[in-house]
Every structure is written in structure tokens, then in C-alpha cells.
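Now for the letters of each chain:
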Amino acid sequence: MSVCDQYRRVEEKVKNACKRAGRPPEEVTLIAVSKTKPASMIEELLPLGVRDFGENKVQELTAKEEALPKDIRWHMIGHLQRNKVKYVIDKACMIHSVDSLRLAQEISKEAVKHDLVMPVLVEVNVAGEESKFGVSVEEAPSLVEEMAKLPGIQIKGLMTIAPYVEDPEENRNIFRNLRKLSVDIREKNFDNVIMDVLSMGMTGDYEVAIEEGATHVRVGTGIFGERNYNIE
Ligand SMILES: *Cc1c(COP(=O)(O)O)cnc(C)c1O
């Protein structure tokens, strides 16, 4: 199947999940995660009107940003090192993976330097997996509170990477807990904190994530096919 056909299939499933959940489809942004895939595959999707793409490496994001049309929205979804913030600050439309105050401070500093406001999400390790980045559910509210004081960033919501599971139902509680956390934080009414974005759900579980309130799903394999890290 072509990349366009695969994209349309995923888009259809997104719509159906919205319907099941009684949510308008415009509420969910499908981010095509193009990491490790060539610019040519991204170009195939542009005629469909697809503009939201996700990358997890700074160098790859900036190289593709350079090579491709400027109206593409590049979502930085991977772990970000502080010394690399300066390369993505004016390229990414949103940073999904803020997991420390020090990283947020660096983003703030660079954003102010560039006279822009960067939308950011706080990455939460809901499942408490040791191999994953992200703050714990318990740490998240105080991190948000501290981050909210920084200029040049706007805290839009939360992001999580759920565990790899065979049955997506196993992750339903993870998504539900992230949503609960976002409601808890919203009720604290911190200035400069919006909390209307929930970035959750990947190829294996995005439909369940939408049923549980995802506003942004990040789908790679389901659109572009398996990744081959050996040919990079
Ligand atoms: C790679 C990646 C995805 C997409 O994963 P698939 O299972 O291929 O859909 C989503 N989110 C993040 C943070 C990723 O690194």
C-alpha cells in the first residue's frame, strides 16, 4: 500500500474513534511520525494536505525542515538535550518532551532570544517505566508550576509514551491517568498554563488514546511502515 493509502486508513480510524467517543474529529491532530524516513515519503503526503510531522532527533528535524516546504509543522517528540535547544527553537511548532525544569529554562532562554513563544508539553512517564524519559505523575504539577513562571514558553498540556503492549486495551488506564492528571493541573489555575493538549497514542494504541481524550496522536509505523535503523 502507498504511504497515502496508509495515511488515509489511519485517518479513517481516527475519525471512527472520535465518533465512538462522541468527539468532533477536528479535536484530534494526526501527527505523521517521519523519523528515519526520507523526505520523499513526506512529500508524497503533502498533496493530501498533511502538514503535521513528528521527529525525535534534532539533526533529522532540522535537515528535513531545511529541505521541505516552510508550511510544514514540525513536532519535536523525542528526548531533547539542552545544548541542542538552540537548533530547534525556531523550527519546531511544539516541543512535546519537556521533562525537567533545566530543559524548560533553556527553551525559555532561547525563545526569548528569538522573540517567540514556544508551545510545550510536559512529558509524563505514567507507567513508571525505568527505560523511559518523563517526570512521574507526582512530580508533574510542581514542574508545571515552576515552568509557568518562565517567559517565552507556553505550557499547552501533557504527553506520554505508553508501554509497548500486544493489546492496546492494556494502555487504556495509562491514557485515562494522563487525562486525569491534566484535569487536576488545570484546576490549579496556574497563569500561563492552558492544559488543552494531550499528546498520547502511537501506532499500536492511538484509537484507545482517542477514546480517552487524546488531542494529538503520533503515528509512525502505521503510516510509513516499519523503520529500519540499520540503513541510517
Ligand atoms: C517513534 C515515535 C512514535 C511513533 O511510533 P509508532 O509506533 O511507529 O507509531 C510516537 N511517539 C514518539 C515519541 C516516538 O519516538
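As a starting point, this report considers the structure included with it.

What counts as what
- Residues numbered from 1 in each chain as written.
- Predicted model: local features only at pLDDT ≥ 70, side-chain atom pairs only at ≥ 80, totals over all residues.
- Heavy atoms only, no water.
- Phe/Tyr/Trp six-rings, centres within 6.5 Å; stacked < 30°, edge-to-face > 60°.
- Helix = DSSP H or I, 4+ residues; strand = E, 2+ residues; numbered from the N terminus.
- Buried < 20%, exposed > 50% of the residue type's maximum accessible area, 1.4 Å probe, protein only.
- Near = heavy atom within 4 Å.
- Polar contact = N/O pair within 3.5 Å; in protein donor to acceptor, adjacent residues only side chain to side chain.
- Areas by Shrake-Rupley, 256 points an atom, 1.4 Å probe, with all protein chains shown as cover.
- Contact = heavy atoms within 4.5 Å.
- Salt bridge = Lys/Arg side-chain N within 4 Å of Asp/Glu carboxyl O.
- Pairing = 2+ DSSP bridges.
- Right-handed = clockwise from strand over helix to strand, strands pointing away.
- Core = buried A, V, L, I, M, F, W, Y, C linked by side-chain atoms within 4.5 Å.

### Concerning the packing of aromatic side chains
Applying the stated criterion across every chain yields a total of one aromatic pair. With 6.0 Å between their ring centres and 40° between their planes, Phe-53 and Trp-74 make a pair best called tilted. You can see Phe-53 sitting in strand β2 (residues 52-55) and its partner Trp-74 sitting in strand β3 (residues 73-76), a full 21 residues away along the chain. Relative accessible area serves as the criterion here: at 0%, Phe-53 is assigned to the buried category.

### Considerations on the site of the ligand
Around the ligand, the neighbouring residues are Val-33, Lys-35, Ile-77, Ile-161, Met-202, Thr-203, Arg-218, Val-219, Gly-220, Thr-221 and Arg-227. Arg-218 has a polar side-chain atom sitting 2.8 Å from a nitrogen atom of the ligand. At 2.5 Å, a side-chain N or O of Thr-221 approaches an oxygen atom of the ligand. Calculation on the ligand without its partners gives an accessible area of 390 Å², and the protein chains cover 90% of this total.

### Quick notes on the environment of His-75
Relative to the helices and strands, His-75 resides in strand β3. For His-75, a relative accessible area of 3% translates into the label buried. A C-alpha to C-alpha distance of 15 Å links His-75 and Ile-161, two positions 86 residues apart in sequence. If we skip the residues at most four places from it in the chain, His-75 touches Ile-31, Asp-52, Phe-53, Gly-54, Glu-55, Leu-61, Cys-93, Met-94, His-96 and His-216. For His-75, the side chain forms a polar contact with the side chain of Asp-52, separated by 2.8 Å.

### Details of unusual backbone geometry
Phi angles above zero are rare outside glycine, and Thr-36 is one such case at about 70°. Positionally, Thr-36 belongs in the loop between β1 (29-33) and α2 (39-45).

### A word on the pattern of salt bridges
Under the criterion given, the structure shown has 18 salt bridges. Put simply, Glu-27 and Arg-23 hold a salt bridge, and the shortest N to O gap is 2.8 Å. Assessed through its relative accessible area of 38%, Glu-27 is described here as partly exposed. Judged by its relative accessible area of 13%, Arg-23 is buried. For Glu-146, the salt bridge identified is with Lys-149, shortest N-O distance 3.1 Å. Given the relative accessible area of 34%, Glu-146 is considered partly exposed. Exposure remark for Lys-149: the relative accessible area of 58% places this residue in the exposed category.

### A short note on the pairing of strand β7 (residues 193-199)
Most of β7 is tucked away: five of the seven residues are buried. In this sheet, β7 lies alongside strand β6 (residues 153-159) in parallel orientation, the contact comprising four bridges. Bridging across to β7, Met-159 finds its partner in Ser-199. Where the polypeptide runs from β6 across helix α7 (residues 172-187) and back to β7, its parallel neighbour, the crossover connection is right-handed.

### Notes on the environment of Pro-163
Along the polypeptide, Pro-163 turns up in the loop between β6 and α7. For Pro-163, a relative accessible area of 17% gives the class buried. When the C-alpha atoms of Pro-163 and Gly-54 are compared, they prove to be 19 Å apart, with 109 residues separating the residues in sequence. Contacts of Pro-163, omitting those with residues within four sequence positions, involve Ala-127, Glu-129, Lys-132, Asn-171, Ile-174 and Asp-205.

### Here's the deal with the nonpolar core
Membership of the largest hydrophobic core comes to 68 residues, with the highest contact counts inside it found for Leu-45, Phe-53, Ile-107 and Ile-223. Of all the elements, helix α1 (residues 3-21) adds the most residues to this core, at seven residues. Excluding residues that lie within four positions of it along the chain, Ile-223 makes contacts with Val-3, Gln-6, Tyr-7, Val-10, Leu-30, Ala-32 and Leu-45.

Purely geometric numbers; function is a separate question.
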